Amino acid sequence: VVCPSQWLADCVRSSALMGEWPVAVVPNPINTDRWKPIDQRLARQLLHLPQDCPLLLFGAMGGGQDPNKGFDLLLAALSHLRSEPSLETLQLVVFGQLAPQSPPQLGFPVHFTGHLHDDLTLRALYSAADAFVLPSRQENLPNTGLEAHACGTPVVAFNTGGLPDIVDDRVTGALAEPYEPASLAAAMRWVLDDSQRCRDLGAEARKRAELLWAPARVAGMYQEVYAGAMAHG
């Protein structure tokens, strides 16, 4: 059995059916030549986003309707940030939907990008943001997290499921206590309130993407899995 994350591999190992089966962890690959950073000022200019304020990005493809996506937890976490003096200029960017007729009051200015249909625009969006937040209650190895890191963008998420396989805590982003809005708010604040630290996290995020998810590395890992299976066949 090949799993993209340690969490899913642990689920297999604890399974009554598959607990004795051989398990390997091989992440999904990402094209690090296609997904790579764009100069932040240029990216913001292209997308008509403000230049001189921190931007926090998150996706909303059905997120408000799917409890697993944790949109309610994100709303609660944002309420904790409203009184932070260091983040009084924070603005939010939401991709995956247009502005609803009655947009939720998030406490910060919000830019809705709508549905994005090409990788280049999404790459520019990741590059424009100072951080990408993934508030999901449960994920395996979401492509959005891989793409954000490949574009040099720190990721903030809960320390659950496969998300720790993406985020190296306090190195490429920050992990929060699962399902605790106050902890998620603290993680977002830690990433965003120091611009130099934010840039350093982004640089390490790009290095992590190149090291772990480049296609050549993932192909080599699969080759090892097949070689091992044949040797024990």
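As a starting point, this report considers the structure included with it. (Residues numbered from 1 in each chain as written. Predicted model: local features only at pLDDT ≥ 70, side-chain atom pairs only at ≥ 80, totals over all residues. Heavy atoms only, no water.)

Looking at the sheet that holds strand 3 (residues 55-59)
Link 1 in the chain: Strand order in the open sheet formed by six strands is 5-4-3-6-7-8, and the pairing between neighbours is parallel. The open sheet has two free edges, formed respectively by strand 5 (110-114) and strand 8 (173-176), since each of these has just one partner strand. Looking at each pair of strands side by side, their axes are set apart by 20° on average, direction ignored.
Link 2 in the chain: Both strand 7 (residues 155-158) and strand 8 contribute to a ladder of four bridges, which runs parallel. When the bridges of strand 8 are listed, valine 155 appears paired with glycine 173.
Link 3 in the chain: Strand contacts of helix 7 (residues 181-192): strand 3, strand 6 (131-134), strand 7 and strand 8, with the helix running at about 165° to strand 8, the strand carrying the most contacts. (Pairing = 2+ DSSP bridges. Helix = DSSP H or I, 4+ residues; strand = E, 2+ residues; numbered from the N terminus. Axes fitted to C-alpha atoms, helices over the stretch in contact; angles between N-to-C directions. Contact = heavy atoms within 4.5 Å.)

A look at the packing of aromatic side chains
Each aromatic ring pair is summarised here by two numbers: the centre-to-centre distance and the angle between the ring planes.
Link 1 in the chain: What the rule picks out here adds up to seven aromatic pairs.
Link 2 in the chain: Ring plane angle 45° and centroid distance 6.2 Å describe the contact between phenylalanine 58 and phenylalanine 71, whose orientation is recorded as tilted. Taken as a pair, phenylalanine 58 in strand 3 and phenylalanine 71 in helix 3 (residues 71-81) lie far apart in primary sequence, 13 residues in all. By the burial criterion, phenylalanine 58 is buried, and phenylalanine 71 matches it.
Link 3 in the chain: A cation over a ring is seen here: arginine 170 above tryptophan 190, with NZ or CZ 4.7 Å from the ring centre. (Phe/Tyr/Trp six-rings, centres within 6.5 Å; stacked < 30°, edge-to-face > 60°. Buried < 20%, exposed > 50% of the residue type's maximum accessible area, 1.4 Å probe, protein only. Lys NZ or Arg CZ within 6 Å of the ring centre and 35° of its normal.)

Structural notes on the nonpolar core
Link 1 in the chain: The biggest cluster of nonpolar side chains holds 32 residues, and the ones touching the most others in it are Leu57 and Tyr126.
Link 2 in the chain: Tallying contributions element by element places helix 4 (residues 119-128) first for this core, with five residues.
Link 3 in the chain: Excluding its chain neighbours within four sequence positions, the residues that come into contact with leucine 57 are Val93, Phe95, Leu125, Tyr126, Ala129, Ala131, Phe132 and Val133.
Link 4 in the chain: Formed by 29 residues, the second largest nonpolar core is a distinct cluster that contains Leu78, Leu81, Ala131 and Cys198. (Core = buried A, V, L, I, M, F, W, Y, C linked by side-chain atoms within 4.5 Å.)

Comments concerning the pattern of salt bridges
Link 1 in the chain: Applying the stated criterion across every chain yields a total of 11 salt bridges.
Link 2 in the chain: Measuring nitrogen to oxygen at the nearest pair gives 3.0 Å for the salt bridge that ties glutamate 139 to lysine 69. Residue glutamate 139 is found in the loop between strand 6 and helix 5 (143-150), and its partner lysine 69 is found in the loop between strand 3 and helix 3; the two are separated by 70 residues along the sequence. (Salt bridge = Lys/Arg side-chain N within 4 Å of Asp/Glu carboxyl O.)

Things to note about the packing of helix 2 (residues 40-47) against helix 4
Link 1 in the chain: Look at helix 2 against helix 4: their axes get within 8 Å of each other, and the N-to-C directions meet at 125°. When the axes of helix 2 and helix 4 are compared, the pair comes out oblique. For the crossing formed where helix 2 meets helix 4, the hand is left-handed. Facing Gln40, Ala43, Arg44 and Leu47 of helix 2, the residues of helix 4 in contact are Thr121, Ala124, Leu125, Ser127 and Ala128. (Parallel < 35°, antiparallel > 145°, perpendicular 65-115°, else oblique. Left-handed = near helix turned anticlockwise from the far one by under 90°.)

Here we look at the environment of alanine 209
Link 1 in the chain: Relative to the assigned elements, alanine 209 resides in helix 8 (residues 195-212).
Link 2 in the chain: Using a relative accessible area of 0% as the deciding quantity, one classes alanine 209 as buried.
Link 3 in the chain: In sequence terms alanine 209 and asparagine 159 are 50 residues apart; their C-alpha atoms lie 19 Å from each other.
Link 4 in the chain: Leaving out residues up to four positions away in the same chain, alanine 209 has contacts with Thr32, His149, Ala150 and Ala214.

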